[in-house]
Amino acid sequence: MIKYLIQKEFLQIRRNAFLPRLIVAFPIVIMCVMPWVMQMEVKNIVVDVVDIDRSVESQRLVGQIAASNYFIFGGQKSTYAEAMKDIEKGRADVILEIRDGKYFIAANAVNGTKGSMGSAYLSQIVGNTAANSSLFTPHSSLTLYNKGQNYKLFMIPALFAIVMMLMTGFLPTLNIVGEKEAGTIEQINVTPVSKWAFILAKLIPYWLIALFVITVCLLLAWLVYGLTPAGPVWLIYVLAMLLALFFSSFGLIVSNYSDTMQQAMFVMWFFIVCLMLLSGLFTPTRSMPDWAYLTTYINPMHYFIEAIRTVFIRGGGIQHIAHQIIALLAIGSFMAVWAVQSYQKNS
């Protein structure tokens, strides 16, 4: 019986003019576009320099700022007040004043990220210049794992989560609600098909779609960016399937309680945005307040992102992500049982 129900689901997907194109195009667009724009590196910071000393060292520092890939040299100003006018009019982001061998940095923090990162980059250049002039003792640092500090390597595993979330979360939701609106689900409700068989028939096609999508993402990461997982590839598939179990079950739960497609879309979007922003996808979870950090214990996106970055970047094995796997399995299983129990079948 379940074999024919799954066949019906694939026939519905294939006959849909939009879904097959979406399943293929969505991971390609996400993987080829988003790594270039979703990055925390701050560039094109406009710097005005007020060089009162006009010494050899200060001019060398100005040259290093102008040559940096992170800064746009806004020119040398004669006074600090003149440079402040550029800040107030939005023509500059940071001011560097050099006076009596001392460096003073002022940053426009209307955009807090740009202001703090810009002043940090500039402080590093100033520190390196001072170190080269023997004013400070040189020091060394060791970068582990992502030695090139490539932000794409950090973001690409997290993008897998976004693709999985939208492909295996929204599609099952809209599938059932669409059948409700069309009235075709009533034909299933009067058949002897059990609730478990019906729910599995709805979930299995999207689990297979998840395998296809994650394969496309891995291939694009290799072909476009030259990035391959440092750890076992099969672990990435295990994590993807566990996340697909959660989101597909969650999507069915939302559809069971929704009567219209608009209602289901709003509910799904509300929860997905919360899960995504509280997962550590963009910012470290430890930076959140304590009460917000507590939500990570029940957030499957947090476990998935933490685990896939461990495998993809650090080369961790199953012993390093056992905690995340158990948590994903527990949350996914709970949601699957809830999806079956919440489905109202008229026998």
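Cut-offs applied
- Each chain has its residues counted from 1, running along the sequence as written.
- Local features in a predicted model are, by the rule used here, given only for residues with pLDDT of at least 70; side-chain atom pairs are given and counted only at 80 or more, and totals for whole chains, interfaces and linings are based on all residues.
- Each side-chain value is worked out from all heavy atoms of the structure, with water and hydrogens disregarded.
- Elements are defined by DSSP. Helices are runs of H or I of four residues or more, strands are runs of E of two residues or more, and each kind is numbered from the N terminus.
- Summary of the burial criterion: residues with accessible area below 20% of their type's maximum are buried, those above 50% are exposed, and those between are partly exposed, where the area comes from a 1.4 Å probe applied to protein chains only.
- Think of it this way: a Phe, Tyr or Trp ring, Trp meaning its six-membered ring, pairs with another when their centres are within 6.5 Å, and the plane angle makes it stacked under 30 degrees, edge-to-face over 60, tilted otherwise.
- In a helix, the anticipated span is given by 1.5 Å times the number of residues less one.
- The contact rule is simple, with two residues in contact once any of their heavy atoms fall within 4.5 Å.
- For two strands to be treated as a pair, DSSP must find at least two bridges joining them.
- Fitted lines through C-alpha atoms serve as axes, helices being fitted only where they are in contact, and the angles separating the N-to-C directions of these axes extend from 0 to 180 degrees.
- Geometric relationships in this document are graded by angle, where less than 35 degrees denotes roughly parallel, more than 145 denotes roughly antiparallel, 65 to 115 denotes roughly perpendicular, and other angles denote oblique.
- Should the near helix be turned anticlockwise from the far one by less than a right angle, the crossing is termed left-handed; should it be turned clockwise, right-handed.
- Each residue is assigned to one of three groups, with Ala, Val, Leu, Ile, Met, Phe, Trp, Tyr, Cys and Pro labelled nonpolar, Asp, Glu, Lys and Arg labelled charged, and all others, Gly among them, labelled polar.
- Directions from the helix axis toward the C-beta atoms define the arc.

(A) Region of the structure containing the side chain of S279. In this structure, S279 sits in the loop between α10 (261-277) and α11 (290-293). Assessed through its relative accessible area of 2%, S279 is described here as buried.

(B) Looking closely at the packing of aromatic side chains. Applying the stated criterion to the full structure yields eleven aromatic pairs. With a centroid separation of 5.8 Å and an interplanar angle of 80 degrees, the aromatic rings of Y293 and Y297 are classed as edge-to-face. Judged by relative accessible area, Y293 falls into the buried class, the value being 15%. Site record: aromatic cluster; members linked through ring pairs are F246, F247, F250, F270 and F271.

(C) Molecular detail of α10. Compared with the 24 Å implied by 1.5 Å per residue over 17 residues, the 24 Å span of α10 between its first and last C-alpha is a close match. Buried-residue contacts for α10 involve α6 (151-182), α9 (233-257) and α12 (300-314).

(D) Layout of the sheet that holds strand β1 (residues 45-51). Strand order across the open sheet formed by four strands is β2-β1-β3-β4, with mixed pairing between neighbours. The sheet terminates laterally at β2 (71-76) and β4 (102-107), the two strands that pair on one side only. On average, each strand axis in the sheet is inclined to that of its neighbour by 25 degrees, with strand direction left out of account. Bridge analysis of strand β3 (residues 94-99) against β4 gives six bridges, and the strand direction is antiparallel. Within β4, the position partnered with I95 by the bridge is A106. Contacts from helix α4 (residues 80-88) reach β1, β3 and β4 within the one sheet, and its direction differs from that of β3 by about 170 degrees.

(E) View of the packing of α6 against α9. One can describe the packing of α6 onto α9 by two numbers: an axis separation of 8 Å at closest approach and a directional angle of 30 degrees. Relative to α9, α6 is oriented roughly parallel. Taken as a pair, α6 and α9 cross one another with a handedness that is right-handed. Contacts from A161, M164, M165, T168, G169, P172, T173, I176, V177 and K180 in α6 reach A240, L243, A244, F247, S248, G251, L252, V254, S255 and N256 in α9. For the contact of α6 with α9, the residue count by class is twelve nonpolar, seven polar and one charged.

(F) Geometry of the packing of helix α2 (residues 19-37) against helix α8 (residues 195-225). Viewed as axis vectors pointing N to C, α2 and α8 meet at an angle of 35 degrees, and their least axial separation amounts to 9 Å. When the axes of α2 and α8 are compared, the crossing they make is right-handed. In contact with I23, V24, P27, I28, M31, C32, V33, P35 and W36 of α2, α8 contributes I209, F212, V213, V216, C217, L220, A221, V224 and Y225.

(G) Seen up close, helix α3 (residues 56-67). Its twelve residues give α3 an end-to-end C-alpha distance of 17 Å, which sits within 8% of 16 Å, the value for a rise of 1.5 Å per residue. Those residues of α3 lying buried are S58, L61, V62 and I65. All buried residues of α3 fall inside an arc of 100 degrees around its axis, so they share one side. Exposed positions of α3 whose direction lies more than 90 degrees from the buried face are V56 and A67.

(H) Region of the structure containing unusual backbone geometry. Not every positive phi belongs to a glycine, and R54 is a case in point at roughly 55 degrees. Structurally, R54 is set in the loop between β1 and α3. Using a relative accessible area of 52% as the deciding quantity, one classes R54 as exposed.

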